[in-house]
Amino acid sequence: MKAAVYYENGDPSVLKYEDVPDPTCHPKGILVRVEAVSIEGGDTLNRAGGPLVTHPHIVGYQAGGEVIEVGSEVTNFKVGDKVATSGAFGSHAELRSVPARSAWLVPNGYDVKKASVIPVAFGTADDCLFEFGHLRAGETVLVQAGASGVGVAAIQLAKRAGATVLATASSDERLDKLKRFGLDHGINYKTHDVVQEVMRLTNKKGVNLVVDSVGGSTLQGSILSLAYRGRVSMVGGAGREGMKVDVASLMGGNRTLQGVFLGAEIGGDRAYNNIQRLINEAAEGQLEVLIDRTFPLSQAAEAHAYIESRKAVGRVLLIP
């Protein structure tokens, strides 16, 4: 099969389009012909500095496609099913072998390209808001990096739950594209101080919950944007810098900082069933998946570079 591989960590140029051996189907797994690869933020971070657990390494968490082989112990999928899949690596390829527990059925008629985006982005956003963020109707949410995959999902889910939604992005153009998903107030972090804008927009009260996938120095701003007893769901390090937090700044307002990692529970019944629910709701038109651009799999390097340019709004896909 063809795959986007690399032999060493580095910038997007390390990605090569090469022939590699086809994966095999495990008795407890399925083999999928990939129709779309959803490039996750973690994919670019792993390419830049993560472990190379295969040689050459095929990076990538998420892909969707058609089941072409079913393991002897698998009873919940059949050949011909369309699925969304998630795993630690291996998405950037024409074929993918995953455990059955790492795949979700795509309802008939729903676009597998859109379904490929949902497990990590929407599953993570839902956990940040509800399972760990305890969001309630009438509260105010700040979504850092609102134009990211997690950001677009969080805006929709928070608005649907009855929250007032604020979000940050690097340009007014990107913020404008988020309004149709339920964004109430956008903050351009290139031109405005985020904390000052949050306080202005909330009459100095602050927000009840922040979803922060950026980390680094942004995380301190998230804490300072909180209302009394506010919560931060910290879910990533897209800012690519060390976490810089004054823990004492949590105390005065009885604030909470919590880490969220969907991968720790994605194989359990709660998270697995939650992701299937989100896919079903998207298929029913209750949620919208935003795809910014698609690239051929052979242009994985260009796709990664585009993501890192911070121009995308929503997810970028690779098409084998």
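Here the structure is a predicted model, which means the values were calculated and not measured. (Residues numbered from 1 in each chain as written. Predicted model: local features only at pLDDT ≥ 70, side-chain atom pairs only at ≥ 80, totals over all residues. Heavy atoms only, no water.)

Remarks on the packing of aromatic side chains
Part 1: With the rule as written, the count across this model stands at 2 aromatic pairs.
Part 2: Aromatic pair Phe295 and Tyr306: ring centres 6.0 Å apart, planes at 50°, arrangement tilted. With Phe295 in strand 14 (residues 291-296) and Tyr306 in helix 9 (residues 300-308), the pair connects residues that are 11 residues apart, well separated along the chain. Per residue, the accessibility class of Phe295 equals that of Tyr306, and both read buried.
Part 3: A cation sits over an aromatic face here: Arg101 above Tyr272, 4.3 Å from the ring centre. (Phe/Tyr/Trp six-rings, centres within 6.5 Å; stacked < 30°, edge-to-face > 60°. Helix = DSSP H or I, 4+ residues; strand = E, 2+ residues; numbered from the N terminus. Buried < 20%, exposed > 50% of the residue type's maximum accessible area, 1.4 Å probe, protein only. Lys NZ or Arg CZ within 6 Å of the ring centre and 35° of its normal.)

Focus on the packing of helix 1 (residues 41-49) against helix 9
Part 1: Running from N to C, helix 1 and helix 9 point in directions that differ by 110°, and their axes come no closer than 11 Å. When the interaxial angle is binned, helix 1 and helix 9 end up roughly perpendicular. Contacts between helix 1 and helix 9 pair Asp43, Thr44 and Arg47 from the former with His304, Ile307 and Glu308 from the latter. (Axes fitted to C-alpha atoms, helices over the stretch in contact; angles between N-to-C directions. Parallel < 35°, antiparallel > 145°, perpendicular 65-115°, else oblique. Contact = heavy atoms within 4.5 Å.)

Some words on the side chain of His92
Part 1: Considering the arrangement of structural elements, one finds His92 in the loop between strand 5 (82-86) and strand 6 (95-99).
Part 2: A relative accessible area of 0% means that His92 is categorised as buried.
Part 3: A polar side-chain atom of His92 sits 3.1 Å from a polar atom in the side chain of His304.
Part 4: With sequence-adjacent residues up to four places away left out, His92 is seen in contact with Ala3, Ala4, Val37, Ile39, Asp43, Ile58, Val59, Gly60, Leu297, Ala300, His304 and Leu318. (Polar contact = N/O pair within 3.5 Å; in protein donor to acceptor, adjacent residues only side chain to side chain.)

A word on the environment of Leu52
Part 1: By the secondary structure assignment, Leu52 is in the loop between helix 1 and strand 4 (62-70).
Part 2: In this structure, the C-alpha to C-alpha distance between Leu52 and Glu18, residues 34 residues apart in sequence, is 17 Å.
Part 3: Setting aside chain neighbours within four positions, we find Leu52 in contact with Tyr6, Tyr7, Glu8, Asn9 and His57.

A word on the nonpolar core
Part 1: Grouped together as the largest cluster of nonpolar side chains are 59 residues, with contacts concentrated most on Ile30, Leu129 and Leu178.
Part 2: In terms of residues, this core owes the most to one element, helix 4 (residues 149-160), which gives 7 residues.
Part 3: Ignoring sequence-local partners within four residues, the contact set of Ile30 consists of Cys25, Val67, Glu69, Val70, Val74, Phe77, Val83, Arg96, Ser97, Val98 and Ala103.
Part 4: Counting 19 residues, the second largest nonpolar core, distinct from the first, contains Leu15, Ala63, Phe295 and Leu297. (Core = buried A, V, L, I, M, F, W, Y, C linked by side-chain atoms within 4.5 Å.)

Quick look at unusual backbone geometry
Part 1: Here the residue pair His55 and Pro56 is connected by a cis peptide bond, since its omega of -5° sits within 30 degrees of zero.
Part 2: The topology assignment puts Pro56 in the loop between helix 1 and strand 4.
Part 3: Positive phi is not limited to glycine here, since Asn254 has a value of about 50°.
Part 4: Locating Asn254 in the fold gives a position in the loop between strand 12 (226-234) and strand 13 (256-259).

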